[in-house]
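One-letter residues, chain by chain:
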Amino acid sequence: MNAINLLKENNLLFTLKKDYHSIEDLKKIFEEHKEIKFVSLAGYDLRGNYTDARIPISIIIDDLEDFLKQGVQTDGSSVELRQIASLNDAKVIIVPDMDCDWHIDYNFSFVDENTKLPIGTLRIPSFLIHNDKIVCSRGVLKRAVKNLQSNVKKIVEENESIQEELGIKDKKIKSIEISAATELEFWVKTPEEIRDVEELSTSQVLKEQYWKRTEGNVRTAMEYCLLLMDKYGFEPEMGHKEVGGVHSKLTENGDHSHIMEQLEIDWKYSDPIQTADNLYIIKNLVSDIFNSFGLEVTFDAKPMDKVAGSGEHTHIGLIAKLDDGKTINIFNHVEKDKYYMSSIGFSSLAGILRNYEVINPFVTATTDAFNRLRPGFEAPVCIVTSLGKSPQIPSRNRSILIGLIKDSNNPKQTRFELRATNPNSNLYLVLSAVYQCMLDAINFYIPKYDVEFIQNEMSKKAGEDSVYLEKDRLYRSEENVFEAYTQEERNAIFSVPPATVYENIQALDIYKEKLEILKKDGVFTDEIINSYKISTLEFWAKELKGRIVENSRDRVRESIKLHYDTEDISDLDIVNWTKVESIRWELMKDTVEKKSLFTQIDNAIDEKDYKKASTLQIEMSKKVNELAEIYKKYKKIYFSQKIL
């Protein structure tokens, strides 16, 4: 721990604002901060992985201008740009983005012998360029942001009725600003820690951990994170315990052990690209800091079955900056007691809901993410919103996909909260798809329909006619959708949610009209969408065969009968063990006549029959869950099984 001296007043540099990226400024900074030894170019591929081209400052200092303009070359086959950077055309150039904040990534365990300060790397968010085209996640978002800003500015300027709604008639708009923010949830635990799922689940139901006081290393690491985030200028707003976890244990020397807790950290909003950039920096900080305190961190959406998963609620806002220096929240209507939102606000929300089928593939792209989206855990699986009981009473309905967040005393706070994202969602592409769908509805409704019409359409019943929203769908509910509707009713009025990654990705083929919305004005391209589909399906297939099926095999092997005294065996024991044996055989035992589910999945993936593999995955999950339920009830009687 003595190597972590980042909070000392020792003139360490944490952030280089975009106004300080000139050659003169950089050379001066490198001269004054000898602890900064490297530059790393972080380009984000289509799965959200970033490059780490770590280059010694001494190599580039004499050609710094060329380096910043030309970037560096890399092998495109090493990043997720399938069928873009092919083996025979693999050159990809990583070019620094000069128009965003840069940060210093410090090595907590490596102190410079001369400066006695941690070794630092200047981390520069970058673009990936192939054949003179920007083909990375950041590039897509840059185009989406520019497209939304220019179109909304034009719409407001050309429509007097919209200006009246916003209360800015006769005022000139300088620019449209888009705001975005995230809430990062994650699990921490002591290494090799395994806690019983039933214990974790019971603690969650009793809310024994939610918003409780942190203790020991968890508290120290959390506080260190918040203070260090402030050094970087991220403006942390809070850190707290989430609902998941159990009490730690105190050792004889006063240390806390057997730690397994869920936490959340929040920080201030920014523009969309900076928000996504900051998220990756903060995830790295969280991992490094908690690791240095002997704690493992996971950003998996569902690290443990039957226990709360981790979300990354994403906040979406639109602001008009006026020539007189004032800012106006475009989602607000001046008659706030009559209307929940402005026409632009309603249209934006309608666009997200109507076209969510082509947003979801970027939100939920792994089996782990699908494991989080289950009823019973406030899972946002139904395409529906909540506005509030009235314009004066904001909603806090946690069962919906995306909600309207309002504070009557602070109009700047009006925004949408998309609840389906998780810590491993590619936030660049999620926001890009959201903005394109918002713009689609804005262009459709305005200026043909007024705010009264759009507000009523948003509240229509399933089966009622509408001009933009789909007739058979219900898009607004102020009720808990999991209590107010049966599964059959939810499927009918909100649509059937995809059950696997394969089903989710197929939406990009099924909903061709909606897909065109993403491609409008060149934001997404056929090349990028196809590459994303291929890489996501290949990742899913490899993980399904190499990890999920293998873990399930271990689970089956560990379900063994412990009860050997026949005098103590009841009829119920025999019935349940017969069920266990039947499930074990169906999952894992091959015969001459029939292959097991595990073998069928392996074969389907080898043959690239992903549709069949998807169907078999659903069947396998049901059987594994059935086995787990029997285990949960009878584990202390006659068979043993470890937590996954």
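Nothing here was measured: the structure is a model prediction, and the numbers come from that model.

## What to know about the side chain of asparagine 426
For step 1, the next point in the chain: Its place among the elements puts asparagine 426 in the loop between strand 21 (415-418) and helix 12 (427-445).
For step 2, the next point in the chain: A polar contact is formed between the side chain of asparagine 426 and the backbone oxygen of leucine 46, at a distance of 3.3 Å.
For step 3, the next point in the chain: Those residues within four positions of asparagine 426 in sequence are excluded, and the remaining contacts are Asp45, Leu46, Arg47, Gly48, Ser137 and Phe362.

## Comments concerning empty space enclosed by the protein
For step 1, the next point in the chain: In total, this model carries two cavities of 30 Å³ or more according to the counting rule given.
For step 2, the next point in the chain: Space inside the largest cavity adds up to approximately 70 Å³.
For step 3, the next point in the chain: In terms of lining, the largest cavity is formed by Ser386, Ser395, Arg396, Asn397, Arg398, Ile400, Gly403, Leu404, Ile405, Glu417 and Arg419.
For step 4, the next point in the chain: When residues in the lining of the largest cavity are grouped by element, the largest group, three residues, is from strand 20 (residues 402-405).
For step 5, the next point in the chain: When grouped by side-chain class, the residues that make up the lining of the largest cavity number three nonpolar, four polar and four charged.
For step 6, the next point in the chain: For the second largest cavity, the calculated volume is near 60 Å³.
For step 7, the next point in the chain: Around the second largest cavity sit His103, Ile104, Asp105, Arg123, Tyr232, Ile281, Asn284 and Leu285, which together line it.

## Comments concerning helix 15 (residues 487-494)
For step 1, the next point in the chain: Burial in helix 15 covers these residues: Arg490, Ile493 and Phe494. Buried residues along helix 15 cover an arc of 85 degrees about the axis, so they all sit on one side. Those residues of helix 15 that are exposed and aimed more than 90 degrees away from the buried face are Glu488 and Ala492.
For step 2, the next point in the chain: For helix 15, the elements touching its buried residues are helix 14 (481-484).
For step 3, the next point in the chain: With its phi angle positive at about 85 degrees, serine 495 sits one or two positions after the end of helix 15.

## As for unusual backbone geometry
Outside of glycine, negative phi angles account for most residues, and trans bonds account for most peptide bonds.
For step 1, the next point in the chain: Residues isoleucine 446 and proline 447 are joined by a peptide bond in cis, for which omega reads 10 degrees.
For step 2, the next point in the chain: Mapped onto the fold, proline 447 is located in the loop between helix 12 and helix 13 (451-458).

## Notes on the packing of helix 18 (residues 526-557) against helix 20 (residues 597-606)
For step 1, the next point in the chain: Taken N-terminus to C-terminus, the directions of helix 18 and helix 20 make an angle of 170 degrees; their axes are 10 Å apart at the nearest point. One way to sum up the angle between helix 18 and helix 20 is to call them roughly antiparallel. Contacts from Ala541, Leu544, Lys545, Val549, Ser552, Arg553 and Val556 in helix 18 reach Phe598, Thr599, Ile601, Asp602, Ile605 and Asp606 in helix 20.
For step 2, the next point in the chain: Residues that form the contact of helix 18 with helix 20 fall into these classes: seven nonpolar, two polar and four charged.

Cut-off values and rules
Residues numbered from 1 in each chain as written. Predicted model: local features only at pLDDT ≥ 70, side-chain atom pairs only at ≥ 80, totals over all residues. Heavy atoms only, no water. Helix = DSSP H or I, 4+ residues; strand = E, 2+ residues; numbered from the N terminus. Polar contact = N/O pair within 3.5 Å; in protein donor to acceptor, adjacent residues only side chain to side chain. Contact = heavy atoms within 4.5 Å. 1 Å grid on protein atoms, 1.4 Å probe; cavity = no way out; pocket = protein on both sides within 12 Å on 5 of 7 lines; lining within 4 Å. Points joined across faces, edges and corners; volume = space filled by probe spheres on them. Nonpolar A, V, L, I, M, F, W, Y, C, P; charged D, E, K, R; others polar. Buried < 20%, exposed > 50% of the residue type's maximum accessible area, 1.4 Å probe, protein only. Arc of directions from axis to C-beta. Axes fitted to C-alpha atoms, helices over the stretch in contact; angles between N-to-C directions. Parallel < 35°, antiparallel > 145°, perpendicular 65-115°, else oblique.

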